[in-house]
Amino acid sequence: KEMNPLINFAADFADLLITHTGYRFGASTKDTRGRVVQSAQVAFTFKGTYPQPASENDLKLAPEGSTPSSSLVIHSVQQLNITTGNIKGDVVTWENEDYFVMQSNKRNHLAGNYRNLLRKVLAGE
């Protein structure tokens, strides 16, 4: 049974949330030669906090060489997609830079929000 949150994150923090933009992917397919073909990107928006630098603990989960300046944390009302199976994770745009969503964890069952760890998309990815 789902508990009612003690804090309504979207309403109680509405004045602190901004609308973020990004793009989302559907499931990939294979062409006639068996090569993976990425699905089309679909633009989406979500409400979340202003990005904050990632902590040293967050960077343990990021690829080698990631720095706080290339990794962000955004708390959001909705869960963001991470790469699973044949579906590529969400990409969020912040200050004209794209960031992959690496984690999207339910923060607290009493507040009903998600903590998202993002890392900058590198050239060629």
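Residues numbered from 1 in each chain as written. Predicted model: local features only at pLDDT ≥ 70, side-chain atom pairs only at ≥ 80, totals over all residues. Heavy atoms only, no water.

## A short note on the overall build of the chain
Turning to step 1, where the next piece is worked out: Looking only at helices and strands, one finds two helices and nine strands in the chain.
Turning to step 2, where the next piece is worked out: Listing the helices and strands of the chain from first to last along the sequence gives α-β-β-β-β-β-α-β-β-β-β.
Turning to step 3, where the next piece is worked out: Across the 125 residues of the chain, 34% fall into the buried class.
Turning to step 4, where the next piece is worked out: At a minimum sequence separation of 6, the contacts of the chain that also span at least 24 residues come to 55%.
Turning to step 5, where the next piece is worked out: When the accessible area of the chain is evaluated, it comes to approximately 7900 Å², of which 52% is carbon and sulfur surface. (Helix = DSSP H or I, 4+ residues; strand = E, 2+ residues; numbered from the N terminus. Buried < 20%, exposed > 50% of the residue type's maximum accessible area, 1.4 Å probe, protein only. Contact = heavy atoms within 4.5 Å. Areas by Shrake-Rupley, 256 points an atom, 1.4 Å probe, with all protein chains shown as cover.)

## Some remarks on the pairing of strand β6 (residues 71-76)
Turning to step 1, where the next piece is worked out: Buried residues dominate β6, accounting for six of its six residues.
Turning to step 2, where the next piece is worked out: Neither face of β6 is open: one carries Ser71, Val73 and His75, the other Leu72, Ile74 and Ser76, and all of them are buried.
Turning to step 3, where the next piece is worked out: Looking at chain direction, strand β5 (residues 52-53) and β6 are connected through two bridges and run antiparallel. Paired with Pro53 across the bridge in β6 is Leu72.
Turning to step 4, where the next piece is worked out: Two elements, β6 and strand β9 (residues 113-120), share six bridges in a ladder whose sense is antiparallel. If you follow Ser76 over to β9, its bridge partner there is Tyr114. (Pairing = 2+ DSSP bridges.)

## Focus on the pattern of salt bridges
Turning to step 1, where the next piece is worked out: The tally for this structure, following the rule as stated, stands at two salt bridges.
Turning to step 2, where the next piece is worked out: We note a salt bridge from Arg24 to Asp90, for which the minimum N-O separation is 2.7 Å. Taken together, the positions of Arg24 in strand β1 (residues 18-25) and Asp90 in the loop between β6 and β7 (91-94) put the pair 66 residues apart, joining distant regions of the chain.
Turning to step 3, where the next piece is worked out: For Arg24, a relative accessible area of 23% gives the class partly exposed. (Salt bridge = Lys/Arg side-chain N within 4 Å of Asp/Glu carboxyl O.)

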